[in-house]
2 protein chains.
Amino acid sequence: MKYTEMSPAQRQAEYAAVKADYEKQKALGLSLNMARGKPGKDQLDMVTEMCNILVEPADFVSDGIESRNYGECAGLPAAKRLFADLLGCKAEQCFVGGNASLQLMYDAISKAYTHGLKNSPTPWSKLDKVKWICPVPGYDRHFKVSQSFGMEMIAVPMTADGPDMDRVEELIKDPAVKGMWNVPKYSNPEGVVYSDETVARLAAMKPAAPDFMLMWDNAYCIHEFDAEFVPFADILSLCAMSGNADMPYEFASTSKVTFPGAGVGVMAASEENIAYLTKLINIQTIGFDKVNQLRHVKYLQDKEHTLALMKRHAEILRPKFHAVLNALDEQIAPLGIARWKRPVGGYFVSLDAMPGTAKRTLALCKEAGVTMTGAGATFPYGIDPNDSNIRIAPTLPPVAELEQAIAVFCNCLKLSALEKLGI
Amino acid sequence: MKYTEMSPAQRQAEYAAVKADYEKQKALGLSLNMARGKPGKDQLDMVTEMCNILVEPADFVSDGIESRNYGECAGLPAAKRLFADLLGCKAEQCFVGGNASLQLMYDAISKAYTHGLKNSPTPWSKLDKVKWICPVPGYDRHFKVSQSFGMEMIAVPMTADGPDMDRVEELIKDPAVKGMWNVPKYSNPEGVVYSDETVARLAAMKPAAPDFMLMWDNAYCIHEFDAEFVPFADILSLCAMSGNADMPYEFASTSKVTFPGAGVGVMAASEENIAYLTKLINIQTIGFDKVNQLRHVKYLQDKEHTLALMKRHAEILRPKFHAVLNALDEQIAPLGIARWKRPVGGYFVSLDAMPGTAKRTLALCKEAGVTMTGAGATFPYGIDPNDSNIRIAPTLPPVAELEQAIAVFCNCLKLSALEKLGI
């Protein structure tokens, strides 16, 4: 029976029952974490063999390049070819960096501020205001980069097809709007895949700003856990076809393919943008870790071989997501106090609790030893106007712990909803 | 006999003889490189065993931290302890990053521009002018960072004890002077070791700028090739004793201890500076490659063990430097056309040719297939006012190639000197 349809007396009885169960859970002194999209230990162990794939000195040479010595700022050609194969772009469009694509995103934006981009009339640090489009709910670390540079973040609601494009097409008429965050496949946190129409409209945009950055964080481009691989369009060629060759900056990494702490990140953009940024980045560093790039090339080999590895990751991830979704279906669905999507890829489950109950729900979780991503984290400035969205990250804990954690979470959702409805 | 003391006829005879020999060398169609401070292949092979020091999943855990997963933005505690041991500072003062200390230097300066440093009245990007002290001759990549940010670089001559401190103490009275480059031990390119007095005067400086950056690139802190390890003072405590705790930013890396392309870099500064910068860098990245940090911790172990490894590097490097210095002693010294120092550590030999002959000498080298660091590279904006300083990097080529290259170089020095004196 829906909580909203319960009589005050029924709600009181329900509250008492749930509270009693919640107190029992608290008494267990749990310490469980569903806060971040971290792969689990079994995933790390599965790929650890990669670390010993280079042994003899000769193994460290790739296309005649000595990976152990200085040079090749834009990355090993073989690493560029691997990422071009995965992303469907050209090797010449790839800049292969260090262990974090986030750093490549940050550095590209940082250089827009300190030096200006290829098509910038002036470095952004000289501008009074820089505005940025932020689809919500979104990735907290994207928003933190924008906030750190003092951008005015403009929230645009996500739909089942991606960001609300009517709103986006209106906003880009403002020359102060310099860019937009996107996670086009299995968006963080909802797991939404941008529709072909949304992608086409984004690629065809004509922003007033000549140096508009279409940030295309393809973090989950090959990260299905409950479906066959879903092909995706090459945003670089789509934009080029619309005369927007320099607009997109695509990013990806092996953080959730090999190691989150020791993977390889890539930035893909027009050859002109890559040439321009490589010149600037070459002042910052002689080059990134080519030995680790070569380890990845030898271990992942190509797209087909990498997709096979992702199926093995999926075997580990699927039961974790099912544990979360099944618990929500059984425990919460009948009560009509929350909505959530059923992602088939990515690293999160996004849940919208009854407005005004997200913070309280997570506070109750914390009391019972269950840590979740902070309420509001999925919105610019960390403020969810409805205090409703909650990001669930089920990938790190083993299934048994996860089932405990989600059981606590369901009780906390119930308690906060009942408190809100009045008991 | 000195060229200056030769009669025109003697010079003509000498020129003809040297030219004939030079033409023979050209005919060999050599392709030799003494341009960059790159370790040689034998050095890389010597340390390659490090790559397979981590094998079992358990090997990747350090102080209870899973190095393969996200986290620890400022680096593994064990890696901080290792660098603290090498530099003589505290582990809490160390930020251990990726494979390049240059990137840590660049990022610290970049954040001064975009966000301001801990003691900055305003981000530097809002200032009309930023000036920077550049000891000359110096490291071209340092100067390129300053130039890239549009700084006004002020050259200060190096003495046998380090930079001319009277000049430096005068310059820092200008609040627009925001920092200074230093390579305190085995300076690039001269191999000068700052004297205790110079270091003490630098640590005690009272710059007008509250956010003055004493950039302390300790790139060659343990890099003796022809001497026992020379202890050095901890610049962080020296500055702190003078009330300048936040002034120094020290940098070091294992680029010339393990791998130039895949080593580990560190930034050491006051705990307050490290806390301030870590907060900013954590927006840029979740963390650097901790697996590679752990490889280094397990392989290098501690200062004593690392110094033992450096002695093995010295065995490889010493004959290369001797080959260069012996050739100069025999071929050039009697002619009085150039001066050079005899470094016992670092990666370069710095030579001052007869004023106005450096460019011509290197052009002649190029003609004969010998690539050297461009003339002027050791000065701000790439301009050597005397067209005299030449940086010789003898570390990459095998000794046999090196002897060929230096023989060519000596002939080019002679030819350009004779041309200058008139033939």
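Small disclaimer: the values here were computed from a predicted structure and weren't measured.

Reading the values: the criteria
- Residues numbered from 1 in each chain as written.
- Chains lettered and ligands numbered in written order.
- Predicted model: local features only at pLDDT ≥ 70, side-chain atom pairs only at ≥ 80, totals over all residues.
- Heavy atoms only, no water.
- 1 Å grid on protein atoms, 1.4 Å probe; cavity = no way out; pocket = protein on both sides within 12 Å on 5 of 7 lines; lining within 4 Å.
- Points joined across faces, edges and corners; volume = space filled by probe spheres on them.
- Helix = DSSP H or I, 4+ residues; strand = E, 2+ residues; numbered from the N terminus.
- pLDDT = per-residue confidence, 0-100.
- Phe/Tyr/Trp six-rings, centres within 6.5 Å; stacked < 30°, edge-to-face > 60°.
- Buried < 20%, exposed > 50% of the residue type's maximum accessible area, 1.4 Å probe, protein only.
- Lys NZ or Arg CZ within 6 Å of the ring centre and 35° of its normal.
- Lys, Arg positive; Asp, Glu negative; His and termini not counted.
- Salt bridge = Lys/Arg side-chain N within 4 Å of Asp/Glu carboxyl O.
- Polar contact = N/O pair within 3.5 Å; in protein donor to acceptor, adjacent residues only side chain to side chain.
- Contact = heavy atoms within 4.5 Å.
- Least-squares fit on C-alpha atoms with pLDDT ≥ 70 in both.
- Core = buried A, V, L, I, M, F, W, Y, C linked by side-chain atoms within 4.5 Å.

Chemist: Looking at this structure, I do not really get the layout of surface pockets. What am I missing?
Modeler: A water-sized probe, rolled over the atoms, reveals where empty space remains. One number sums up the size of the largest pocket: a volume of about 490 Å³. Lining of the largest pocket is provided by 31 residues; of these, A:Y70, A:I286, B:Y139, B:R141 and B:K256 occupy positions nearest its centre. Residue assignment for the lining of the largest pocket shows that the elements contributing at least two residues are helix 4 (101-114) and strand 10 (248-253) of chain B. Sorting elements by how many residues they give to the lining of the largest pocket places helix 4 of chain B first, with three residues. In terms of lining, the second largest pocket is formed by 18 residues, of which the most central are B:P137, B:D352, B:F379, B:N386 and B:N389. With three residues, strand 13 (residues 349-353) of chain B is the single largest residue contributor to the lining of the second largest pocket.

Chemist: Sorry, what's going on with the confidence of the model for chain A here?
Modeler: Caution applies to low-pLDDT parts of the model: their predicted coordinates are not meant to be read in detail. Averaged over every residue, the pLDDT of chain A is 97; residues scoring 70 or more account for 100%. Model confidence for the complex: the whole-complex pTM is 0.97, and ipTM, which rates the interface, is 0.97.

Chemist: I would appreciate a short explanation of the packing of aromatic side chains in the present structure.
Modeler: A ring pair, where both rings are aromatic, is described by two values, the distance of the centres and the angle of the planes. What the rule picks out here adds up to 22 aromatic pairs over all chains. Considering the side-chain rings of B:Y113 and B:W124, the 5.6 Å spacing of their centres and the 75° angle between planes classify their relative orientation as edge-to-face. Of this pair, B:Y113 sits in helix 4 while B:W124 sits in the loop between helix 4 and strand 5 (131-136), and the two are eleven residues apart along the sequence. As far as the burial class goes, B:Y113 and B:W124 line up, both buried. Taken together, a centroid distance of 6.2 Å and an interplanar angle of 20° make the contact between B:Y220 and B:Y347 stacked. Linking B:Y220 in the loop between strand 9 (213-217) and helix 8 (235-241) with B:Y347 in the loop between strand 12 (338-340) and strand 13, this pair joins segments that are 127 residues apart in sequence. Exposure class is identical for B:Y220 and B:Y347. Each is buried. An aromatic cluster of at least three residues, connected via ring pairs, comprises A:Y106, A:Y113, A:W124, A:W132, A:F149 and A:W181. For the cation-ring pair, A:K256 lies above A:Y347, with the distance from its terminal atom to the ring centre recorded as 5.4 Å.

Chemist: Sorry, what's going on with the side chain of A:R141 here?
Modeler: If you trace the backbone, A:R141 turns up in helix 5 (residues 140-148). For the buried A:R141, which has no salt bridge, the nearest side chain bearing the opposite charge is A:D140, at an N-O separation of 5.3 Å. Polar side-chain contacts of A:R141 include one of 3.5 Å to the backbone oxygen of B:N282. If we skip the residues at most four places from it in the chain, A:R141 touches A:R36, A:L102, B:N282 and B:I286.

Chemist: Could you clarify how one ought to interpret the relation of the copies chain B and chain A in this entry?
Modeler: Put simply, the two copies of the chain differ by a rotation about an axis and a shift along that axis. Note on the identical chains: chain B maps onto chain A by a rotation of 180° and an axial translation of 0.0 Å, with an RMSD of 0.0 Å. Taken together, the rotation and translation describe the operation of a two-fold axis. For chain B, the residue whose C-alpha comes nearest the rotation axis is B:N52, separated from it by 2.8 Å. Interface residue correspondence from chain B to chain A reaches 100%, placing this contact among same-surface, isologous pairings.

Chemist: I keep staring at unusual backbone geometry and nothing clicks. Help me out?
Modeler: Trans is the common state for peptide bonds, and a negative phi is the common state for residues other than glycine. The peptide bond linking A:N188 to A:P189 adopts the cis configuration, its omega dihedral lying at 10°. Note that A:P189 resides in the loop between strand 8 (177-182) and helix 7 (196-203). For the bond from B:V136 to B:P137, the omega torsion is -5°, close enough to zero to count as cis. The backbone of A:Y186 sits at a positive phi, close to 55°, despite the residue not being glycine. Relative to the elements of secondary structure, A:Y186 occurs in the loop between strand 8 and helix 7. Classification of A:Y186 by relative accessible area gives buried; the value is 2%.

Chemist: For this particular structure, what's the right way to read the nonpolar core?
Modeler: It is characteristic of soluble globular proteins that their nonpolar side chains tend to be buried jointly. Formed by 124 residues in total, the largest nonpolar core has its most connected members in A:L214 and B:L214. Beyond its immediate stretch of four places on either side in the chain, A:L214 contacts A:M180, A:N182, A:L202, A:M205, A:I235, A:C239, A:M247, A:P248 and A:Y249.

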